[in-house]
Amino acid sequence: MYPSMSRSFTVADVDDLVTKLQTEEKISLLSAPNWWNTTPIPRLDIPSIRCSDGPNGVRGSSHFASIPAQCLPCATSLASTFDVDLIRRVGEFLAAEAKIKSSVILLAPTCNIQRSPLGGRAFESFSEDPYLSGIMASAYINGLQSQGVSAAIKHFVGNDQEHERTAVESVMSDRALREVYLYPFMLAQKLAKPWAFMTSYGRIHGVHCSENPELLQDILRNEWKFNGIVMSDWYGTYGVDQPINAGLDLEMPGPTRWRTPTLVNHVLTAQKLSPSTLDDRVRNMLSYIQQQARLNPEVVYGDGKERTRDTPEIRQFCRAVAAEGIVLLQNRNKVLPLLPNRIRKLAIVGPNAKGSVISGGGSAALKASYIITPYQGIQQGAFDDLQISYTIGCYAHKYLPTLENHLETPNGEPGWLATFYSHTEDGELTPPVAEFVLNDTRVKLNDFIPAGLSENWTLKMTGRLSVDITAPFELGLTVAGRAKLWIDGELTIDNWTKQTPGDFFYGQGTIEEKATVKLEAGKKVDVLVEYTNSYPPPNQNDEGKTVPNAQPALMRGLRLGGCEKIDAELAIADAVKLAESSDAVVFIGGLTAEWESEGFDRLSLDLPGMQTELIAKLAAVNPNTIVCIQAGSATAMPWKDEVAGILQTWYLGNEVGNAIADVLFGKVNPSGRLPLTFPKRIEDIAAYPNLRSEHGKIYYREDLMVGYKHHLKQKIEPLFGFGHGLSYTSFELLDCIVKQTGTDIETSVRLQNTGAIAGSEVLQLYVAYPDKGITHPPLQLKAFAKVHDVAAGQVSTVKLKLDKWAFSYWDEKKNQWKVDAGHYALYLGFSCEHILHEKIIELGNMLSWTQL
Ligand code: BGC
């Protein structure tokens, strides 16, 4: 970004720099000039450093004209691998991805807790279990930071659902806070020392996390000895002096709302903020920027450009990571893998089979450099002579599918043309200010606006649309701001003069307004979307035109979608007919980035559209029906007992199709294990009665009994339990030796592959605490290990270690960690429900401590 800047800053003395900075400069360092960069101070050769989302890839610094990136699997899929070394390599991989996007900070990992699988961002967090979550986060951070890229672990803390996320207080006991919700962050601090923390939007103990001294000073800095920077979530700073005093170093994004010279000088004068506290925050920022500049001079002093990587090795890595997260939930009659001697004709059915379902939505979404769809992957990975047929069966979209693959610009390039216009004082359009070709009909303008635009402006998106069948098509236009759609010069959708609010664009957008048009195969029609960021002044109707004195929208974006209108009954009937005449059916469906995203939670576990009905009908006519569910979290499976095979295939990134095919055809023996419980019914979720914000509070009444702990305690059978996952082979535990020195325990377990092919297994160690008048979860995961590629018949030895933390709980009375003396049960198994071996140990002495 600063090729010609002197690098003197990398060797400068930070304390000395603080003395040289003027107050205004100090203030500017505590906020940002834009969405993704820190503030540079060229006078003192202080460069800016860039951050990027996170967590399943590195999007780069523009939602609008994104430079494509590699998309890795979502966090639940990564956690399903139970493979610490692999996740560390994922971190290293992402560091390289960050650097080619000129970024040295990745806004990741997310390690909030799935207290409910319905949380909008459940896909983005690792697990319902705090230990698994913290171990995965640590591995990810260690990989990332080993390559010099800073993690910004998020969201600290309690952003476990999305409803009213900026306002809500997560009300929980101190034990739940410590033992469940802070725990992954604490483990990450203990094992990986992230260089940055991002606060969450909501409140703990009534105080917003970004201005909460108990969290940021007492716990994070004093108790855990964190010495990096703390940044707010985007627009998650809510005041001037309180956040700075509480320890929030950086307000994000910029331009600042709270840290203007006027406001900060005002609180300095009023002595609500002391100069020395301001200096503390500045010192943190300078040390952090300096560290990142020293570690990555080629990036920080580079050209600032963003690039894409793509090599066969990179593709292979993404494919392997994706395949390793797939969980084989059910495999009746060994329907999988699909083998030539059993299957000749395969039917592929389902709304996601040809879709680009690669990640959840919101800030985790990115433009992938390429996508292998499940349909393509299965075609490419199939054995010779397999006849493959496809029919969609049903739709399941929330918004109509995007249309970029059917559009060309007026010059015939792929995509459509974006032309920006400023408004004159009279509300008239100026000549074009800037033009871009976009290959996406989701247009996000929150972090990018071309230079030189007036405050209110217009964007015209133009292109030619062509489809390959003659049929009625439904088109949809969703907007944050206002927009209209013209087809061949005819106004087709007006989402301008009258608008209905919806949950799009983090809840700032409208619902999708729809219209039906008749399109002919191969005949191009002109598409024009006129968009403005401005709203008329209150009580004034601009009748669909731009006007003077309009007010700009906070969130800006538009989305054009469309697809053929199908007859739902007919589509199901076609699929059933195909299933009847096939040897096996692979159904690919589930959710999409539009069902699981930021700003809202799911309301139901049910699969959207007619998927549930369709799957049951396919299974009724074909005994070899295999269901692949793409979703970042749990969904209902009322057809479980009717289908033969079920694969949880999460959101798997670019290589989704190849990874699914690798497991279907047995090239990869599945070894994923569920990192969260799949409940049978919504009512079985521990947090079910308390999922939303009421009067600004979400009560975590399930307390410590999150996920499997609740199911075990209440004896509620899950659909599939925590840690569950099958393989194409089988393992047995031969023996287990336990060595104990005080609270340090080492278990050595021999596992034998008793099946016919090589495979991997995950050994899980759960601890049950003694009852000393204090309630504990019945079982708690405290160690796990994966054995890889054990040949048929071979034995592999696994060692699992425990220390005092494995037996500790938070003593609310004394505010410290405590281990009670007594008898503890160690349970070794292949899931929390599938325990193979039990061993009782005795701890002789009571222990207590506070520091990490
Ligand atoms: C999300 C963060 C993200 C940030 C920047 C926020 O909406 O909560 O996780 O890093 O946006 O995109």
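For clarity, every value in this text was computed on a predicted model and none was experimentally measured. (Residues numbered from 1 in each chain as written. Predicted model: local features only at pLDDT ≥ 70, side-chain atom pairs only at ≥ 80, totals over all residues. Heavy atoms only, no water.)

1. A short note on the sheet that holds strand E1 (residues 51-52)
Piece 1. Sheet architecture is open: 5 strands sit in the order E1-E2-E3-E5-E8, paired in parallel fashion. Both outer strands of the open sheet, E1 and strand E8 (229-231), are each paired with one neighbouring strand and no more.
Piece 2. Pairing of strand E2 (residues 105-106) with strand E3 (residues 150-156) involves 2 bridges; the strand directions are parallel. From the neighbouring strand, leucine 106 faces E3, where its bridge partner is alanine 151.
Piece 3. Sheet strands in contact with helix H5 (residues 130-146) are E2 and E3, and its direction is about 150° off that of E3. (Pairing = 2+ DSSP bridges. Helix = DSSP H or I, 4+ residues; strand = E, 2+ residues; numbered from the N terminus. Contact = heavy atoms within 4.5 Å. Axes fitted to C-alpha atoms, helices over the stretch in contact; angles between N-to-C directions.)

2. Notes on the sheet that holds strand E10 (residues 345-349)
Piece 1. Pairing in this open sheet of 6 strands is mixed, and the strands run E9-E27-E26-E25-E10-E11 from one edge to the other. Edge positions in the sheet fall to strand E9 (327-331) and strand E11 (387-391), since each of these pairs with one other strand and no more. Across the sheet, the axes of successive neighbouring strands diverge by a mean angle of 15°, strand direction being ignored.
Piece 2. In the sheet, strand E26 (residues 625-630) pairs with strand E27 (residues 645-648) via 4 bridges, with the strands oriented parallel. Counted as the bridge partner of isoleucine 626 is glycine 645 from E27.
Piece 3. Here helix H16 (residues 568-580) sits on the sheet and contacts E10, E11 and strand E25 (584-590); the angle it forms with E11, its principal contact strand, is near 165°.

3. Focus: the site of the ligand
Piece 1. In the region of the ligand, 13 residues are neighbours, and Asp53, Arg121, His155, Asp233 and Glu598 sit closest.
Piece 2. Separating an oxygen atom of the ligand from a side-chain N or O atom of histidine 155 is a distance of 2.7 Å.
Piece 3. Considering the ligand on its own, with 310 Å² of exposed area, one finds that the protein chains cover 97% of that surface.
Piece 4. In this structure the site holding the ligand corresponds to the second largest pocket.
Piece 5. Within the shell around the ligand, the residues separate by chemical class into 5 nonpolar, 2 polar and 6 charged. (Near = heavy atom within 4 Å. Polar contact = N/O pair within 3.5 Å; in protein donor to acceptor, adjacent residues only side chain to side chain. Areas by Shrake-Rupley, 256 points an atom, 1.4 Å probe, with all protein chains shown as cover. 1 Å grid on protein atoms, 1.4 Å probe; cavity = no way out; pocket = protein on both sides within 12 Å on 5 of 7 lines; lining within 4 Å. Sits in = over half its atoms within 2 Å of the grid points. Nonpolar A, V, L, I, M, F, W, Y, C, P; charged D, E, K, R; others polar.)

4. Some points on the state of the cysteines
Piece 1. Under the criterion given, the structure shown has 0 disulfides.
Piece 2. Of all cysteine sulfurs, the one in cysteine 318 lies closest to cysteine 71, which takes part in no disulfide; the gap is 8.5 Å.
Piece 3. Between cysteine 563, a free cysteine, and cysteine 394, which holds the nearest cysteine sulfur, the sulfur-to-sulfur gap is 12 Å. (Disulfide = S-S within 2.5 Å.)

5. A short note on the layout of surface pockets
One water molecule sets the probe size; rolling that probe over the atoms shows where empty space is left.
Piece 1. For the second largest pocket, the calculated volume is near 900 Å³.
Piece 2. Surrounding the second largest pocket, 43 residues form its lining, Glu162, Arg165, Tyr506, Glu598 and Gly599 being those nearest its centre.
Piece 3. For the lining of the second largest pocket, the elements supplying multiple residues, two or more each, are E3 and helix H15 (504-507).
Piece 4. Considering only residue class, the lining of the second largest pocket consists of 17 nonpolar, 13 polar and 13 charged. (Points joined across faces, edges and corners; volume = space filled by probe spheres on them.)

6. Some words on the domain arrangement of the chain
Piece 1. Here the domain parsing of the chain yields domain 1 (404-564) and domain 2 (731-849).
Piece 2. Placing the centre of domain 1 and that of domain 2 at their C-alpha centroids yields a distance of 57 Å. (Domains from an automatic or database assignment.)

7. Let's talk about the packing of aromatic side chains
Piece 1. Following the criterion strictly, the structure yields 35 aromatic pairs and no others.
Piece 2. For the ring pair tyrosine 131 and phenylalanine 784, a centre distance of 6.1 Å and an interplane angle of 80° mean the geometry is edge-to-face. Of this pair, tyrosine 131 sits in helix H5 while phenylalanine 784 sits in strand E32 (residues 780-790), and the two are 653 residues apart along the sequence.
Piece 3. Classification of phenylalanine 784 as buried rests on a relative accessible area of 10%.
Piece 4. Ring pairs connect the aromatic residues Phe64, Phe420, Phe436, Phe448, Trp457 and Tyr531, which therefore count as one cluster. (Phe/Tyr/Trp six-rings, centres within 6.5 Å; stacked < 30°, edge-to-face > 60°. Buried < 20%, exposed > 50% of the residue type's maximum accessible area, 1.4 Å probe, protein only.)

8. Looking at the pattern of salt bridges
Piece 1. The final tally for this structure, using the stated rule, is 41 salt bridges.
Piece 2. One salt bridge in this structure joins glutamate 92 and arginine 88, with 3.4 Å as the shortest N-O distance. Of this pair, glutamate 92 and arginine 88 both sit in helix H4 (residues 84-100), 4 residues apart, which is roughly one turn of the helix.
Piece 3. Taking relative accessible area as the criterion, glutamate 92 reaches 27% and is therefore assigned partly exposed. (Salt bridge = Lys/Arg side-chain N within 4 Å of Asp/Glu carboxyl O.)

9. Some points on unusual backbone geometry
The bulk of non-glycine residues show a negative phi, and the bulk of peptide bonds are trans.
Piece 1. Across the junction of aspartate 53 and glycine 54, the peptide omega takes the value -5°, indicating a cis bond.
Piece 2. If you trace the backbone, glycine 54 turns up in the loop between E1 and helix H3 (75-80).
Piece 3. That bond from methionine 252 to proline 253 is cis: its omega, -10°, falls within 30 degrees of zero.
Piece 4. Relative to the assigned elements, proline 253 resides in the loop between helix H9 (241-246) and helix H10 (261-269).
Piece 5. Backbone geometry places tryptophan 650, a non-glycine residue, at a positive phi of 45°.
Piece 6. Relative to the assigned elements, tryptophan 650 resides in the loop between E27 and helix H18 (656-664).

10. Let's talk about the side chain of serine 210
Piece 1. Mapped onto the elements of the fold, serine 210 is located in the loop between strand E7 (207-208) and helix H8 (213-223).
Piece 2. Residue class for serine 210 comes out buried when judged on its relative accessible area of 0%.
Piece 3. Engagement of the side chain of serine 210 in a polar contact is seen with the backbone oxygen of glycine 236, the distance being 2.8 Å.

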